[in-house]
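Given next are the chains, with one letter for each unit.
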Amino acid sequence: AVVSTQSTGTEADVPVESGKETFFTDLCRDWEASSTLPEGCPTRVVNPRFGVVLAHDTDPLKLLLKLAITGSSVVGSGKQPFPWIHMKDAVQAVHTCIEDESVQGPVNLVAPQIVDNKQFTHALANACLAGVQKVNLPEFLVRLMYGTERADCILLDSPKVAPQKLLDLGFQFQYEDVDSAMRDIVEAECKEGGVLNMYMRKKKG
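Parameters at a glance
- Residues numbered from 1 in each chain as written.
- Predicted model: local features only at pLDDT ≥ 70, side-chain atom pairs only at ≥ 80, totals over all residues.
- Heavy atoms only, no water.
- Helix = DSSP H or I, 4+ residues; strand = E, 2+ residues; numbered from the N terminus.
- Buried < 20%, exposed > 50% of the residue type's maximum accessible area, 1.4 Å probe, protein only.
- Contact = heavy atoms within 4.5 Å.
- Areas by Shrake-Rupley, 256 points an atom, 1.4 Å probe, with all protein chains shown as cover.
- Axes fitted to C-alpha atoms, helices over the stretch in contact; angles between N-to-C directions.
- Parallel < 35°, antiparallel > 145°, perpendicular 65-115°, else oblique.
- Left-handed = near helix turned anticlockwise from the far one by under 90°.
- Nonpolar A, V, L, I, M, F, W, Y, C, P; charged D, E, K, R; others polar.
- Phe/Tyr/Trp six-rings, centres within 6.5 Å; stacked < 30°, edge-to-face > 60°.
- Pairing = 2+ DSSP bridges.
- Salt bridge = Lys/Arg side-chain N within 4 Å of Asp/Glu carboxyl O.

The next point concerns the overall build of the chain. Scanning the chain for helices and strands turns up nine helices and eight strands. For the chain, buried positions account for 43% of its 205 residues. Restricting to contacts in the chain with at least 6 residues of sequence separation, those with at least 24 account for 85%. Accessible surface computed for the chain: about 11,200 Å², of which carbon and sulfur atoms make up 55%.

Here it is as structure tokens:
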């Protein structure tokens, strides 16, 4: 099988709600189209579309975990979808896409629980036994920090999607909800020591 991956920036395998059209959505669509094989080719093509992969040892999440100690901030309105999947489920889902010969075409690699940025932020804060800032991070500041294109299509807007093909296959998620996923990630991070571990030990008494 040919496995060509991209983000959920394109249309979903079964869309719930599409995001805005941006340079990144066009890039994802063109990238996926480039994996199309000539008609009559027997090789199976699978296009996993990743949501935000949550793992404690990635730089973005390590930064979020450190910031959570002083209070996480909801980004923008907080109502924008936040498609996500735990790293362990992402690995198993890719394995399923490769091994199951019935799978072909786009497959959303996202958790079954659809959350928005506000829900994700609160799950992060709760897992860290911390609070959430009362004032949201303004959209103009997000654009200033990350650039308009990246901010608008990743942080301030995302498609709302469901892992319908995986569910139809009977795929079993280890982490179906964002709260259990964040608790596992915080626990894994604490095992490595550091500031978060000291903070958590102090909070737990």
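Looking now at the side chain of Thr-96. By secondary structure assignment, the location of Thr-96 is in helix H3 (residues 87-99). Excluding residues that lie within four positions of it along the chain, Thr-96 makes contacts with Val-103, Leu-169 and Phe-171.

Right, let's get into the packing of helix H4 (residues 117-127) against helix H8 (residues 178-190). At their nearest, the axes of H4 and H8 sit 9 Å apart, and the two run at 40° to each other. In terms of axis orientation, H4 runs oblique to H8. Crossing of H4 against H8: the hand is right-handed. Contacts between H4 and H8 pair Phe-120, Ala-123, Leu-124 and Ala-127 from the former with Val-178, Asp-179, Met-182, Arg-183 and Val-186 from the latter. Across the contact of H4 with H8, the residue classes break down as seven nonpolar, no polar and two charged.

Turning our eyes to something else, we now look at the packing of aromatic side chains. All told, the structure shown has two aromatic pairs when counted by the stated rule. Residues Phe-82 and Phe-120 carry aromatic rings whose centres are separated by 4.2 Å and whose planes lie at 20° to one another, so their mutual orientation is stacked. Of the two residues, Phe-82 sits in the loop between helix H2 (59-68) and strand E6 (84-86) while Phe-120 sits in helix H4, which places them 38 residues apart along the sequence. In terms of burial, Phe-82 and Phe-120 fall into one category: buried. Ring centres of Phe-171 and Phe-173 lie 4.9 Å apart, and the angle between their planes is 80°; on these two criteria the pair is classed as edge-to-face. Judged on exposure class, the residue Phe-171 and its partner Phe-173 are both buried.

So, on to the pairing of strand E4 (residues 45-50). Residues in a regular strand point their side chains to alternate faces of the sheet. With five of six residues buried, E4 lies mostly within the body of the structure. Direction of pairing for strand E1 (residues 2-3) relative to E4: parallel, over a ladder of two bridges. Bridge pairing links Val-2 to Val-45 in E4. The sheet contact formed by strand E2 (residues 6-7) and E4 spans two bridges and is parallel. Bridging from a neighbouring strand, Gln-6 pairs with Arg-49 of E4. Sheet topology places E4 next to strand E7 (residues 105-109); five bridges connect them, and they run parallel. Bridge pairing in E7 links Arg-49 to Asn-108.

Next up on the list: the pattern of salt bridges. Taken as a whole and judged by the stated rule, the model has six salt bridges. When the shortest N-O distance is used, the salt bridge between Asp-184 and Lys-88 registers 3.7 Å. In this pair, Asp-184 is assigned in helix H8 and Lys-88 in helix H3, connecting sequence segments 96 residues apart. What makes Lys-88 partly exposed here is its relative accessible area of 41%. Arg-143 is the partner of Glu-139 in a salt bridge, and the nearest nitrogen-oxygen pair spans 3.4 Å. With Glu-139 and Arg-143 both in helix H5 (residues 139-146) and four residues apart, the pair spans about one turn of that helix. The exposure class assigned to Glu-139 is partly exposed, which follows from its relative accessible area of 34%. Of the residues examined, Arg-143 reaches a relative accessible area of 26% and is grouped as partly exposed.

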